[in-house]
Amino acid sequence: MAATISKTRIDACFQGLRARGVKGLVVYLTAGDPSLEATGPILASVERGGADLIELGVPFSDPLADGPVIQRASERALRAGTCLRKILEWLPRWREQVKAPILLFTYYNPLLRYGLRAFSADARRAGADGALVVDLTPEEAEVYVSAMREENLDTVFLGAPTTPDDRLARVAALSTGFFYLISRTGVTGERAEIAASAGPLVARARKATALPLAVGFGISRPEHVQQVQSLADAAVVGSAVVHAIEERYGAAGPAAIEAFIRWLKTGEGAKSE
Amino acid sequence: MPNQLNSSPAHGAWPDARGRFGEFGGCFVPETLMHPVEELAEGFEAARRDAAFQAELDRLLRHFAGRPTPLYHAQRLTEHLGGAQIYLKREDLLHTGAHKINNCIGQGLLAKRMGKARVIAETGAGQHGVATATVAALLGLDCTVYMGEEDMARQAPNVFRMRLLGTQVVSVASGSKTLKDAINEGMRDWVTNVHNTHYLMGSVLGPHPYPLMVREFQRIIGKEAREQILTTARRLPNLLVACVGGGSNSIGLFYEFIPDAAVKMVGVEAGGRSLRLGDHAARFAGGKPGVLHGTYTYVLQNDDGLIAPTHSVSAGLDYPAVGPEHSALYREKRAEYTYVSDAEALEAASLLARKEGIIPALESAHALAEVVKRAPHMARDQVILVNLSGRGDKDLGIFQAAGIL
């Protein structure tokens, strides 16, 4: 299980950032919100706006780690008939147009139902680069990790402010590509400021692993992104992007999303373009 | 004692250190909760070895909750059905009106011992919410209860009871607006406030150590019932019957009898309106193994792994997953699982009311409906022991809506 995998698109992404001396922006969006047809152009616009890596959420009926914004996105996606199988069938059509690594962000039960080996094989064929399973910790992840390793897909695990040092090292050891740090205890969602717990967690994680560190949960504005990038290798923005898709995609299309990502990345341009 | 045959030794050892009951159970939670649940498992192990904790638990169970509860020989019901002798374990007579208080006193004391000033809970029928609110008042803990919007409407008296007890009741409008969604919201609160908050889960569900811990606090039901039936009937029962929502009253009754291989056990799930997905909560009839709310167990779901909506006239049984120990007992064939319909449960409730002067909760009425089916086919010298897990005052509005009143 500890076997390493050969260099992935996610590894290359972080090496490229390091070589250029810049920090990364990771963007989350829910696949199928408002429909899978719309998600393709949104993915492309997110990349054009400056996302270095994309987390593609698989909608679930019971997203207990998510706040209201991503819950609503899941509901919209499920109403549009989105499911894991359809996402993996749809993704190859867009993979050529989007160069950024794509990490599937999912709850465990849809994978279990799909079959872990079938999932990893189909995810690789679809052009996904790895997965993050939000309710699967290393203790229960043996079969999943070996299925993913077989397909040379990254397995990203989470570290939290409540994770003690020894556990942080154990979790990071099973993580590949990067290590995802949860900035605060709580569910996903926009916040007014970065949690005070983020800094100490990054410092503890640095001692636990040499992996690139990405910090997410509550990062909603360009100044948050910069603040996190001063601590870690990448900032993850989720709910703020999903909220922008909810509010603007219908009226203004992909261009509005591209502008929003550019605003997050650079602070330039109006948030409400 | 008769029938002291040991069945598979595995039953006594469940769960293992990882919280597994055979292949079921385990711990599937977001990373933020992993260390807190490990601390909870340690805290629970320390508490149950602590004589002072056990003494306080025992004192409150006796003098606050009203244990031991009677084992009542329902002679008129027995006569009416014309078969096996029917005994009722009267958990409905406990303070707050259901077995839920057993677990709430245990976890409430544990929360206090672990320095948590706040408890949160989910509730379906409201019985667990009321029991949690009661124990929070008793122990001076801050309390918030999550309840689906639909359940708040159909179990309104329990909402008023919780509020009177000083608990904040939060209406959950997401998803199916029932127990499953209340648990989602409870987990979201917990992951946010985990430093000062204990999640007081009401059934043998959720991540390890909850299925173990809740069973340990509920097994008093079977411990008492086993002694009582040996004293009064001078024999072990042929059959145990209990309803199964998450499965805490049924595990509570079954657990002490597991080594008694001659004692059959049947768990009764909610058959709802029909066996079409979405119309019932019969997990063993319509579900497949999967992960929901932290545990690997039988779950009602579609082919894409999305959790299915459920229906039952009884809010306490209206939930898509079953406690993992039940999945293990099912897999090992140590217990049998069946279901009865909404209509059968309502009918059994009015039968008990008229024959015995006891109005059961609609949850418990599911167990009684199975007794109505089986007792006539059993001999008069055979014994059925049924867990009357709660009283039915809360369900009067549902009886009325069903045209029974």
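Residues numbered from 1 in each chain as written. Chains lettered and ligands numbered in written order. Predicted model: local features only at pLDDT ≥ 70, side-chain atom pairs only at ≥ 80, totals over all residues. Heavy atoms only, no water.

Section: the domain arrangement of chain B
Interface size, as often reported, equals the accessible area lost upon joining of the parts.
Residues and elements named next belong to chain B.
Inference 1: For chain B, the assigned domains are domain 1 (21-64 + 100-215) and domain 2 (66-97 + 219-401).
Inference 2: Computed over C-alpha atoms only, the centres of domain 1 and domain 2 are separated by 22 Å.
Inference 3: Among the residues domain 1 hides against domain 2, the three largest losses belong to F24, R154 and R215. Together they make up 21% of the total.
Inference 4: In this structure, the connection of domain 1 to domain 2 is made through three salt bridges.
Inference 5: Residue R215 pairs with E325 through a salt bridge whose shortest N-O separation is 3.1 Å.
Inference 6: Counting every contact that joins domain 1 to domain 2 gives 21 residue pairs in polar contact (both at pLDDT 80 or more). (Domains from an automatic or database assignment. Buried area = accessible area lost by both parts, 1.4 Å probe. Salt bridge = Lys/Arg side-chain N within 4 Å of Asp/Glu carboxyl O. Polar contact = N/O pair within 3.5 Å; in protein donor to acceptor, adjacent residues only side chain to side chain.)

Here's the deal with the packing of aromatic side chains
What describes a pair of aromatic rings is the distance from one ring centre to the other and the angle between the planes of the rings.
Inference 1: A full pass over the atoms with the stated rule returns 20 aromatic pairs over all chains.
Inference 2: Measuring from centroid to centroid gives 5.4 Å for Y28 of chain A and F105 of chain A, while their planes differ by 80°, and the two rings are edge-to-face. Of the two residues, Y28 of chain A sits in strand β1 (residues 24-30) while F105 of chain A sits in strand β3 (residues 102-106), which places them 77 residues apart along the sequence.
Inference 3: Given a relative accessible area of 6%, Y28 of chain A falls into the buried group.
Inference 4: On the numbers, 5.6 Å between centres and 15° between planes, the contact of Y108 of chain A with F28 of chain B is stacked. Linking Y108 of chain A in helix α5 (residues 108-114) with F28 of chain B in the loop between β2 (24-25) and α2 (31-48), this pair reaches from one chain into another. The same class applies to Y108 of chain A and to F28 of chain B, which are both buried.
Inference 5: Site record: aromatic cluster; members linked through ring pairs are F24, F284, Y296, Y298, Y330 and Y337 of chain B.
Inference 6: Here the basic side chain of R215 of chain B rests over the ring of Y255 of chain B, its NZ or CZ set 4.0 Å away from the ring centre. (Phe/Tyr/Trp six-rings, centres within 6.5 Å; stacked < 30°, edge-to-face > 60°. Helix = DSSP H or I, 4+ residues; strand = E, 2+ residues; numbered from the N terminus. Buried < 20%, exposed > 50% of the residue type's maximum accessible area, 1.4 Å probe, protein only. Lys NZ or Arg CZ within 6 Å of the ring centre and 35° of its normal.)

Examining the interface of chain A and chain B
Inference 1: Of the residues lining the interface, 35 residues belong to chain A; the matching set on chain B comes to 38 residues.
Inference 2: Summing the contributions of chain A and of chain B, the shared interface buries around 2900 Å²; its carbon and sulfur component is 53%.
Inference 3: One can count five salt bridges joining chain A with chain B.
Inference 4: The salt bridge involving R167 of chain A is made with E38 of chain B; its shortest N-O contact spans 3.6 Å.
Inference 5: Applying the counting rule to chain A against chain B returns 17 residue pairs in polar contact (both at pLDDT 80 or more).
Inference 6: Residue assignment for the side of chain A that touches chain B shows that the elements contributing at least two residues are α3 (68-79), α5, β6 (158-159) and α8 (165-174) of chain A.
Inference 7: Looking at which element gives the most residues to the side of chain A that touches chain B, the answer is α5 of chain A, with five residues.
Inference 8: Residues belonging to the side of chain A that touches chain B are distributed by class as follows: 18 nonpolar, nine polar and eight charged. (Contact = heavy atoms within 4.5 Å. Nonpolar A, V, L, I, M, F, W, Y, C, P; charged D, E, K, R; others polar.)

Points about the sheet that holds strand β7 (residues 168-172) of chain B
All names here are of chain B.
Inference 1: The four strands lie next to each other as β7-β6-β5-β8, forming an open sheet whose pairing is parallel. Only two strands of the sheet have a single neighbouring strand rather than two, namely β7 and β8 (197-199). Sheet twist, expressed as the mean angle between neighbouring strand axes with direction ignored, is 25°.
Inference 2: Pairing of strand β5 (residues 118-123) with strand β6 (residues 142-148) involves six bridges; the strand directions are parallel. (Pairing = 2+ DSSP bridges. Axes fitted to C-alpha atoms, helices over the stretch in contact; angles between N-to-C directions.)

Digging into helix α3 (residues 51-65) of chain B
All names here are of chain B.
Inference 1: End to end, α3 covers 20 Å across 15 residues, agreeing with the expected 21 Å (1.5 Å per residue, within 8%).
Inference 2: For α3, the set of buried residues is F53, L57, L60, L61 and A65. For α3, the angular spread of buried residues about the axis comes to 100°, placing them on one side. Among the exposed residues of α3, those pointing more than 90 degrees away from its buried face are A51, A52 and H63.
Inference 3: Packed against the buried residues of α3 are α2, α5 (100-113), α6 (127-139) and α10 (210-218).
Inference 4: Regarding α3, its N-cap is D50, as a side-chain oxygen of that residue lies 2.9 Å from the backbone nitrogen of A52 further along.
Inference 5: G66 sits one or two positions beyond α3 and adopts a positive phi of about 100°. (Expected span 1.5 Å × (residues − 1). Arc of directions from axis to C-beta.)

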